[in-house]
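This is what each chain is made of:
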Amino acid sequence: MRNTNGIRFSVAMCTYNGEAYIREQLQSILDQDIPVDEIVVSDDGSADDTVEIVQEVLSQSGIRHEIIVNKKNLGFRKNFEQAIGRTHGEIIFLADQDDIWKREKVRVTWKHFQKNPSCLLVFSNAVVVSEDRKPQTMDLWDSVLLKKELHPQMDWKRLFLKGWYVTGAAAAIRRTLFEEAIPFPATCYHDAWLGMRAALCDGIEAEPEKLICYRQHAENQIGTAASEAARWKKRLRVLQSAGEIQIELHRQYALMYREIEQGFPDFLSEDSAFLGELKACIQYHQDMAELGDMCVSERLRTIAHYYREGSFKRFAKNAAAMRGDLFYALGRRQAEGAGDHSSAGRA
């Protein structure tokens, strides 16, 4: 275990070309009504003035800090792993470069860890704001469809089989969680990975207070449902339809849940029922990802099979997932039908 040297609260922040918002975010962290003890910033090769601004703000503040500048781009998963690994605190707050912390964020979050020694991860709601800080209609928990799921006796690990609800920018972790969760995998997001690891130990608590302003703009690497859709659209521009994007999402989920199965064998072996559900979740996503290799009738039979056995309820956040799969199956059928019709006309 890393020597904390009496440091209680650390911040692990990752940056990349964040000059537009980084000063405001750092100042909001420095202005907490319970001060943080340390800030570690890991920059992933910014080509703008991000690093210079970080150096200026943190040097003038007098706070203990470290600035890491990567010579080679690590990507946000490994960059966060590096940043967290260089901190010393007992409680580590994850921070994006473009948000704004409410003054009470550290204090409110710390109460959870104080009251419950078994708590490993706390995540809060957030106000979603535009580039110019205008509040949006939906808050963060609305955007990830969490509010309808919340109840006093949450089974977080089963909820996470539907998708991810923990947003790293609104989360804080106990150091022991990080030490038991490294290394981070290649596909699974760092916050989803830490969230599932904490869930397997019943170590998650949710704070409904909106403790940050979660800024959405064109350069977000990860964001709410709207920005997530834009990010996937950009990444998957080679795909020709929304249905194909849905299939690619199934492939990604299958990989991510497989990484979880392989990453936490000791915990999963102690809960055979949940392990069975996890395997079923992986199979569901794998089969749905292979719809493109099937004929139309096979696609529809596969969707009907998983509908009958309740997989869409267990492994999807809402009915939109099934609609997306049907759109793909039926859309392909229409395309094939159009092609057949055209050939017949030429004959």
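Above this note sits the structure.
Quick caveat, the model's predicted, so the values are computed rather than measured. (Residues numbered from 1 in each chain as written. Predicted model: local features only at pLDDT ≥ 70, side-chain atom pairs only at ≥ 80, totals over all residues. Heavy atoms only, no water.)

Student: Can you help me understand the overall build of the protein chain in this one?
Tutor: In terms of regular secondary structure, the protein chain is built from 15 helices and 8 strands. Relative to its 347 residues, the protein chain shows a buried fraction of 52%. Across the protein chain, contacts joining residues at least 24 apart in sequence account for 76% of those joining residues at least 6 apart. (Helix = DSSP H or I, 4+ residues; strand = E, 2+ residues; numbered from the N terminus. Buried < 20%, exposed > 50% of the residue type's maximum accessible area, 1.4 Å probe, protein only. Contact = heavy atoms within 4.5 Å.)

Student: It is not clear to me how the pattern of salt bridges should be interpreted in this structure. Could you clarify?
Tutor: Between side chains of opposite charge, a pair can form when the charged atoms approach closely. Within the structure shown, the criterion is met by 21 salt bridges. Between Glu-149 and Lys-162 there is a salt bridge, with its nearest N and O atoms 3.1 Å apart. Note that Glu-149 is positioned in the loop between α5 (140-143) and α6 (156-159) and Lys-162 in the loop between α6 and β7 (171-174), a separation of 13 residues in sequence. In this pair, the class of Glu-149 matches that of Lys-162, namely buried. Arg-197 serves as the salt-bridge partner of Glu-180, at 2.3 Å between the closest nitrogen and oxygen. Of the two residues, Glu-180 is situated in helix α7 (residues 175-181) and Arg-197 in helix α8 (residues 190-200); the sequence distance between them amounts to 17 residues. (Salt bridge = Lys/Arg side-chain N within 4 Å of Asp/Glu carboxyl O.)

Student: Would you take a moment to explain helix α12 (residues 272-289) for this structure?
Tutor: Helical geometry: 3.6 residues make up each α-helical turn, so side chains three or four residues apart lie on a common side. Here α12 spans 26 Å end to end across 18 residues, near enough to the 26 Å set by a 1.5 Å rise per residue. Within the sequence span of α12, burial applies to Phe-274, Leu-278, Cys-281, Ile-282, Tyr-284, His-285, Asp-287, Met-288 and Ala-289. (Expected span 1.5 Å × (residues − 1).)

Student: Help me out: how do you make sense of the environment of Ser-10 in this one?
Tutor: Within the secondary structure, Ser-10 sits in strand β1 (residues 9-15). Taking the relative accessible area as the measure of exposure, Ser-10 reaches 0% and is therefore buried. A C-alpha to C-alpha distance of 7.5 Å links Ser-10 and Glu-90, two positions 80 residues apart in sequence. If sequence neighbours within four positions are ignored, Ser-10 has contacts with Glu-38, Thr-87, His-88, Gly-89, Ile-91, Ile-92 and Phe-93.

Student: Explanation requested: the packing of aromatic side chains in the structure shown.
Tutor: For any two aromatic rings, the description comes down to two numbers: the centre-to-centre distance and the angle of the planes. Evaluation of the coordinates by the stated rule reveals 16 aromatic pairs. Measuring from centroid to centroid gives 5.9 Å for Phe-178 and Phe-184, while their planes differ by 90°, and the two rings are edge-to-face. Taking the relative accessible area as the measure of exposure, Phe-178 reaches 5% and is therefore buried. Of the residues examined, Phe-184 reaches a relative accessible area of 3% and is grouped as buried. Taken together through their ring pairs, the aromatic side chains of Phe-123, Trp-141, Trp-156, Phe-160, Trp-164, Tyr-165, Tyr-253 and Tyr-257 make up a single cluster. Taking NZ or CZ as reference, Lys-157 lies 5.8 Å from the ring centre of Phe-274, over its face. The lysine or arginine in question, Lys-317, covers the ring of Tyr-165, its NZ or CZ lying 4.3 Å from the ring centre. (Phe/Tyr/Trp six-rings, centres within 6.5 Å; stacked < 30°, edge-to-face > 60°. Lys NZ or Arg CZ within 6 Å of the ring centre and 35° of its normal.)

Student: Hey, could you run me through the pairing of strand β4 (residues 91-95) in this one?
Tutor: Successive residues of a regular strand alternate their side chains across the two faces of the sheet. Taking burial as the measure, the 5 residues of β4 include 5 buried ones, the bulk of the element. Residues of β4 alternate between two faces, with Ile-91, Phe-93 and Ala-95 on one and Ile-92 and Leu-94 on the opposite face, all of them buried. Pairing geometry for β1 and β4, over 5 bridges, is parallel. Note on β4: the bridge partner recorded for Phe-9 is Ile-91. Here β4 runs beside β7; their pairing, made up of 3 bridges, is antiparallel. Residue pairing in the sheet places Ile-92 in a bridge with Ile-173 of β7. (Pairing = 2+ DSSP bridges.)

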